[in-house]
Amino acid sequence: MKKGLLISLFMVLFGAGSLYASDYTIPEITVDVQITDDGIVQITEHLTYRFDGTFSWAEYSLPMEGFSEVRNIRVFEQDGSYINENTEEAGTFSVSENDDSIFIKWHYNASNTSRVFSISYELTEALTVGPEVSQFFWNYLSSSRDKSTEQLNVTITLPESVSSDELFAWGRIPADRTTINAQGDTFTLQATDISRNESAQFRVIFPSSVFDQNVVDATDPGFNLADVIMEEEQREQKAEEQAEQDAFYASITYEVTLVISLLSILLFVFLYRKYSIRHSTTTISDRDTIMIPDQTRPALIGKLMTSKMTTGNHLVATIFDLARRGWFTIREEEPEEEDGWFSTGSRKSEFFISRAENPPSDSTTTDEQMVIDFVNSQIDSGKNEFSKMISETSAGSAKWYAKWQKEVKQKFDEQEWIDKSTYTGVTLNIVGQLMLMAGAIFILIVGTLLAIIALATTLFMLIGASFMIRRTQSGQEKYHRWKAYISGLKKADKRTIRMEMMDRHFIYATAFHLSEKQINTLIECSDDATVNMIFPWIILTQDSFHTPASLATSVTALAASGTTSFSGVSGGGGAMAGAAGGGASASAG
């Protein structure tokens, strides 16, 4: 029941859009069971459907458990039978099966109405026959149905009448929702408010003398009434014990939830104060600035400022920086004009990268040299279009990218900007929160839904581990200065920015994941007089006609084309004495 409530809650939260679609219910199911004197079980189910919307088919699945063979399958309504044809025409049905179940699908036309569909079939070897007594133990509703059932009515008719004190029946649905009567040749079983995650098993015992002894033989010579009664008494005792246990856990759910939630929060706060309190930077100005704090390479400072992750933006910014320093040239080309009726009328520039004719002699770091060698190899192989330089489907490119990330991490660690002692606090928090989360999950299962608060708290504190990593004093000071610079870039205007530094601002803006709109605003700070000189390492189309706005459009397209590419690179038998057969379910569409 609790599992059903959790699933329902999830559906409400994440499937609200389906509330306005067509829907149906199956509020009532009536089952007529006829046990014949030759041991055959004839089952007829009447399923009441209520349709809200238009529907054209329904399906009934029957697990192949608890019997040997199903035969004489029929589908009908009050006004006539369906024809067994493998078509999708209204008034037809078909039967299929796999290793686990039999599927009956029928077709009709229904819209905003109620219909009663009936399915009948015969089962062989669905009974447990003993020397003195026999049983029919059947599951009338699957515990994985699409819809709940308000009312279930089951009538089981024997081949002949017997004394009422020879008839026994037990149900698996709680007694307050079940009614069982047995008299003469009939068992009447009723159950109400059965959730879609709840099965409906009933076990009936009757004398074996109702069968034709010349036709029906005992299937279980050891089957007897005393054992069944003892088994049911033990089951009921266990159910009572389980109910008491459930009541106990329900009674302590509030206290346990409170304790787990408090422990989770206190653990995080204690470990954060011990390992993760940020170093003071009160001596460093908080004012926004467009002065580049120092000469730190884009990939390293980008990693420090963007959650310590190495991303495709950092790789693209590195290529831009190498181009600025003379290693490459980037050329913009406009695609050919599209002709025809389906022309979009808008064209995006394409960018190509090439080696510099006279590469510089300045030294490079190992991660930079890796980029130089990789770009040159791509150029040599003809892959010089910037947006396609690294293909998402290329295993070789993915491996290279992973190696480059590893190299950048090594260079980043050498800077000692991160206090490695904080990883102890992170580890302790993760271990502790996982233990508390296990307790929250347990009490949620055995207690009440209130325990979801404890689960949410531990999950939140577990995620909080990512905020526990502390920078060293030098790392915090560097972070503080560059954070002021990032804020300055976002607010830059013509009065504050130096045009000769614009290309470096653009490179860092790319590394910091600034949005296209923010980069556009930055570039548009350019003066008309200098617009064609601030990116000497990018050969733009129609240089003499570029305005700040058109320049911004070109270079932001360049950044977007590269980061889009690079960011994607990463790596059945017969009846058994103690088990119920059946477990049917129905659906519609």
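Residue indices follow the written sequence of each chain, beginning from 1 at its first position. In view of the model being predicted, local features appear only for residues whose pLDDT reaches at least 70, and side-chain atom pairs are presented and counted only at 80 or more, with totals across whole chains, interfaces and linings using the full set of residues. Note that the side-chain values use all heavy atoms of the structure and ignore hydrogens as well as water.

Overview of a nonpolar patch on the surface
Part 1: A cluster of nonpolar residues, Tyr254, Leu258, Leu262, Leu266, Leu450, Ile452 and Ile453, forms a patch on the protein surface that exposes about 640 Å² of accessible area.
Part 2: Comment: elements are numbered from the N terminus, with helices defined as DSSP H or I runs of at least four residues and strands as E runs of at least two. For the nonpolar patch, the elements supplying multiple residues, two or more each, are α2 (225-275) and α8 (452-463).
Part 3: Top contributing element to the nonpolar patch by residue count: α2, with 4 residues.
Part 4: Its location among the elements puts leucine 258 in helix α2. Patches here are clusters of residues that have more than 30% relative accessible area and form no salt bridge, with a 9 Å joining cutoff for like charges and a 5 Å cutoff for nonpolar side chains (Val, Leu, Ile, Met, Phe, Trp, Tyr). Each accessible area is a Shrake-Rupley result for a 1.4 Å probe, and residues are judged covered by the shown protein chains and nothing else. Any Lys or Arg side-chain nitrogen located within 4 Å of an Asp or Glu carboxyl oxygen qualifies as a salt bridge.

Details of the pairing of strand β17 (residues 328-333)
Part 1: Burial classes follow relative accessibility: with a 1.4 Å probe on protein chains only, a residue under 20% of its type's maximum area counts as buried, one over 50% as exposed, and anything between as partly exposed. Every second residue of β17 is oriented toward a common face, the buried set being Phe328, Ile330 and Glu332 and the non-buried set Thr329, Arg331 and Glu333.
Part 2: Pairing between strands requires that DSSP locate at least two bridges from one strand to the other. Bridging between β17 and strand β18 (residues 350-355) involves 6 bridges; their strand directions are antiparallel. Along β18, the bridge assignment pairs arginine 331 with phenylalanine 352.
Part 3: Pairing analysis gives 2 bridges linking β17 to strand β19 (residues 538-539), with the strands arranged parallel. Among the inter-strand pairings, arginine 331 is bridged to a residue of β19, identified as isoleucine 539.

What to know about the side chain of glutamate 368
Part 1: Tracing the sequence through the fold places glutamate 368 in helix α5 (residues 366-380).
Part 2: A residue is classified by how much of its surface remains accessible, and glutamate 368, at 3% relative accessible area, is buried.

Side note on α2
Part 1: In α2, a bend of some 50 degrees at threonine 253 exceeds every other bend along the element.
Part 2: Against β13 (168-171), β16 (201-207), α7 (422-446) and α8 lie the buried residues of α2.
Part 3: Two N or O atoms count as a polar contact when they lie within 3.5 Å, although within protein this holds only if one can serve as hydrogen donor and the other as acceptor, and sequence-adjacent residues are included solely when both atoms are side-chain atoms. For α2, the N-terminal capping position is held by asparagine 224, with its side-chain oxygen 3.2 Å away from the main-chain nitrogen of alanine 226. Here the bend at a residue means the angle between the axes of two seven-residue stretches, the one that ends at it and the one that starts at it. Contact criterion: two residues are considered in contact whenever any of their non-hydrogen atoms come within 4.5 Å of each other.

Digging into the side chain of glutamine 433
Part 1: Tracing the backbone shows glutamine 433 in helix α7.
Part 2: For glutamine 433, a relative accessible area of 0% gives the class buried.

Some thoughts on the sheet that holds strand β2 (residues 41-52)
Part 1: Judged by pairing direction, the sheet is mixed, and its 8 strands sit side by side in the order β5-β4-β9-β2-β1-β12-β15-β14 without closing on themselves. Every other strand in the sheet has two partners, leaving β5 (80-81) and β14 (178-183) as the edge strands with one partner each.
Part 2: Here strand β1 (residues 23-35) runs beside β2; their pairing, made up of 11 bridges, is antiparallel. Along β2, the bridge assignment pairs valine 33 with isoleucine 43.

Examining the confidence of the model for the protein chain
Part 1: The pLDDT averaged across the protein chain works out to 85; a share of 85% of its residues lies at or above 70.
Part 2: Note on residues 12-20: pLDDT under 50 across the span, and 2 contacts to partners over four residues away in sequence or across chains.
Part 3: Per-residue confidence from the prediction method is given by pLDDT, with values spanning 0 to 100. Here residues 567-571 is a poorly scored stretch, pLDDT under 50, and it has 8 contacts once near neighbours within four places are set aside; other chains count.

Some remarks on the nonpolar core
Part 1: By size, the foremost hydrophobic cluster in this structure holds 70 residues, and its most contacted members are Phe320, Ile353, Met502, Phe512, Phe535 and Trp537.
Part 2: When residues in this core are grouped by element, the largest group, 7 residues, is from helix α4 (residues 312-324).
Part 3: Tryptophan 537 has contacts with Phe320, Ala323, Arg324, Thr329, Ile330, Asp503, Phe506 and Ile507, leaving out every residue within four places of it along the chain.
Part 4: Residues Tyr24, Val33, Ile102 and Ile119 belong to the second largest nonpolar core, which totals 56 residues. Take the buried residues of types Ala, Val, Leu, Ile, Met, Phe, Trp, Tyr and Cys, join any two whose side-chain atoms come within 4.5 Å, and each joined set is a nonpolar core.

Some remarks on the pattern of salt bridges
Part 1: The full count for this structure, using the stated rule, is 21 salt bridges.
Part 2: Across the pair glutamate 77 and arginine 115 runs a salt bridge whose closest N-O atoms are separated by 2.9 Å. Taken together, the residues glutamate 77 in strand β4 (residues 69-77) and arginine 115 in strand β9 (residues 114-124) connect sequence positions 38 residues apart. Just as glutamate 77 is buried, arginine 115 falls in that class too.
Part 3: For arginine 235, the salt bridge goes to glutamate 232, with nearest N and O atoms at 2.9 Å. Of the two residues, arginine 235 and glutamate 232 both sit in helix α2, 3 residues apart, roughly one turn of that helix.
Part 4: For arginine 235, a relative accessible area of 25% puts it in the partly exposed group.
Part 5: Sharing partners across several salt bridges, the network here consists of Arg297, Asp321, Arg324, Arg325, Asp362, Asp367 and Glu368.

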